[in-house]
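Secondary and tertiary structure notes
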Amino acid sequence: MATGNAGKVREIRRALKDVTLNGCPLEIVGLGDIPPIAAPIERGRTFEENAKAKSLYYSREWAGLTLAEDSGLEIEALGGAPGVRSARFSAPQPDDAKNIRKALRLLASVPMPARKARFVCVMVLSERGRVVAEFRGEVRGRIIVEPRGENGFGYDPIFYYRPLGRTFAELPAAVKNRVSHRGRAVAKLRRFLEKRGAPSGGGPDGARPVTSARSRRPR
Ligand code: ITT
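Residues numbered from 1 in each chain as written. Predicted model: local features only at pLDDT ≥ 70, side-chain atom pairs only at ≥ 80, totals over all residues. Heavy atoms only, no water.

Below, the discussion takes up the site of the ligand. What surrounds the ligand is a group of 20 residues, the closest being T3, K8, K54, D156 and K176. At a separation of 3.0 Å, an oxygen atom of the ligand approaches a polar backbone atom of S71. Residue Y155 places a main-chain N or O atom 3.1 Å away from a nitrogen atom belonging to the ligand. Look at the ligand: alone it shows 610 Å² of surface, and the protein chains cover 89% of it. When residues of the shell around the ligand are traced back to their parent elements, those giving at least two are β3 (65-75) and α5 (181-197). (Near = heavy atom within 4 Å. Polar contact = N/O pair within 3.5 Å; in protein donor to acceptor, adjacent residues only side chain to side chain. Areas by Shrake-Rupley, 256 points an atom, 1.4 Å probe, with all protein chains shown as cover. Helix = DSSP H or I, 4+ residues; strand = E, 2+ residues; numbered from the N terminus.)

Structure representation (structure tokens):
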């Protein structure tokens with residue numbers, strides 16, 4: 001997994017823990033588990049661009065399958081911000097608590113019905129400099145006025161998920177995984193890996209097919 005975010009690795013490991021490829025268990029390693037590789041700068045304007053750039057970059061350094069994901073929170077009243085800037089919203093020295101405080105400050109005068117938001121996750125699976133497949137997941141919620149809950153990471157304490165009447169930080173990991181943007185994307189990835197590992201092969205179910213232009217080896 002081409003990510004330095006331990007929260008992402010934890011959630012994806014958990015979601016894929018019983019998947020096998022041709023009868024072999026998957027071993028999932030994050031960037032923290034291997035010798036350091038200099039990180040690429042995220043310059044993309046969309047989650048898709050960033051996920052693809054990260055995936056291709058690291059897949060040239062790694063012999064196995066490489067999964068990168070770009071994710072973030074889009075708040076309607078802020079014109080979709082923080083979006084692709086979610087991790088660095090409170091730059092120059094961003095962290096989760098400062099990002100949350102900034103979002104709440106900007107929303108201070110916005111009434112609850114207008115505090116609509118969605119989490120988005122785009123995953124790109126690559127192998128040796130070629131994109132293999134892409135998966136997208138989204139989940140809608142509201143931004144509450146004060147953080148609640150201790151689980152998860154990032155903006156989870158202020159993201160209220162109405163169907164369960166809790167913030168994501170108030171949900172056990174397994175429950176968040178079932179409904180979250182990442183959980184939805186990873187369910188598609190899971191189906192793809194299960195088919196890819198099957199003896200007869202077969203096309204991905206729920207994966208956006210990779211066209212010849214997309215799968216061309218980047219220069
Ligand atoms: P990598 O690029 O190394 O994967 P990152 O944390 O910088 O790690 P992103 O650029 O994709 O990753 O930024 C994602 C940010 O969006 C993350 O740091 C959180 O602030 C927010 N985010 C994404 N998924 C989230 C989730 O499930 N719960 C809460 N916040 C989330």
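A word on helix α2 (residues 47-59). Taking 1.5 Å as the rise per residue, α2 with 13 residues should run 18 Å; its terminal C-alpha atoms sit 18 Å apart, in good agreement. Three or more residues of α2 are buried, namely F47, N50, A51, K54, S55, L56, Y58 and S59. (Expected span 1.5 Å × (residues − 1). Buried < 20%, exposed > 50% of the residue type's maximum accessible area, 1.4 Å probe, protein only.)

To continue, consider the nonpolar core. By size, the foremost hydrophobic cluster in this structure holds 20 residues, and its most contacted members are L73, I143, F159 and F168. At the level of secondary structure, the elements contributing two or more residues to this core comprise β3, α3 (96-106), β4 (116-127), β5 (130-143), β6 (159-161) and α4 (173-179). Element by element, the count of residues in this core is highest for α3, at 3 residues. Judged by nonpolar contacts, the second largest core, of 19 residues, contains L16, V19, L67 and F192. (Core = buried A, V, L, I, M, F, W, Y, C linked by side-chain atoms within 4.5 Å.)

Residues of the protein with pLDDT of at least 70 account for 89%, and the chain-wide mean is 89. Note that residues 199-219 has pLDDT below 50 and, in this model, 32 contacts with residues that lie over four places away or in other chains. (pLDDT = per-residue confidence, 0-100. Contact = heavy atoms within 4.5 Å.)

Structurally, the position occupied by S55 is in helix α2. On the accessibility criterion, S55 (0% relative accessible area) is buried. For S55, the side chain forms a polar contact with the main-chain oxygen of V124, separated by 2.9 Å. There is a polar contact of 2.7 Å between the side chain of S55 and the side chain of S126. Once residues lying within four places of it in the same chain are set aside, the contact partners of S55 are T66, A68, V124, L125 and S126.

Further remarks concern the sheet that holds β5. If you trace the 5 strands from one edge of the open sheet to the other, you get β3-β4-β5-β6-β7, paired in antiparallel fashion. The open sheet has two free edges, formed respectively by β3 and β7 (166-167), since each of these has just one partner strand. Summarising the sheet, β4 and β5 pair through 12 bridges and their orientation is antiparallel. By the bridge assignment, K116 is partnered in β5 with R142. (Pairing = 2+ DSSP bridges.)

Glancing now at the pairing of β4. By the criterion of burial, β4 is predominantly enclosed, with 9 of the 12 residues buried. Relative to β4, β3 runs antiparallel, the two sharing 11 bridges. From the neighbouring strand, I75 faces β4, where its bridge partner is A117. In sequence, β4 turns back onto β5 through a hairpin of 2 residues, with R128 there showing a positive phi of about 45°.

Attention now moves to helix α1 (residues 6-15). All of the buried residues along α1 are G7, K8, V9, E11, I12 and A15. Of the residues that open α1, the one with a side-chain oxygen 2.8 Å from the backbone nitrogen of G7 is N5.

By the bridge criterion, 2 bridges tie β5 to β6 in an arrangement that is antiparallel. Pairing of I143 across the sheet is with F159, part of β6.

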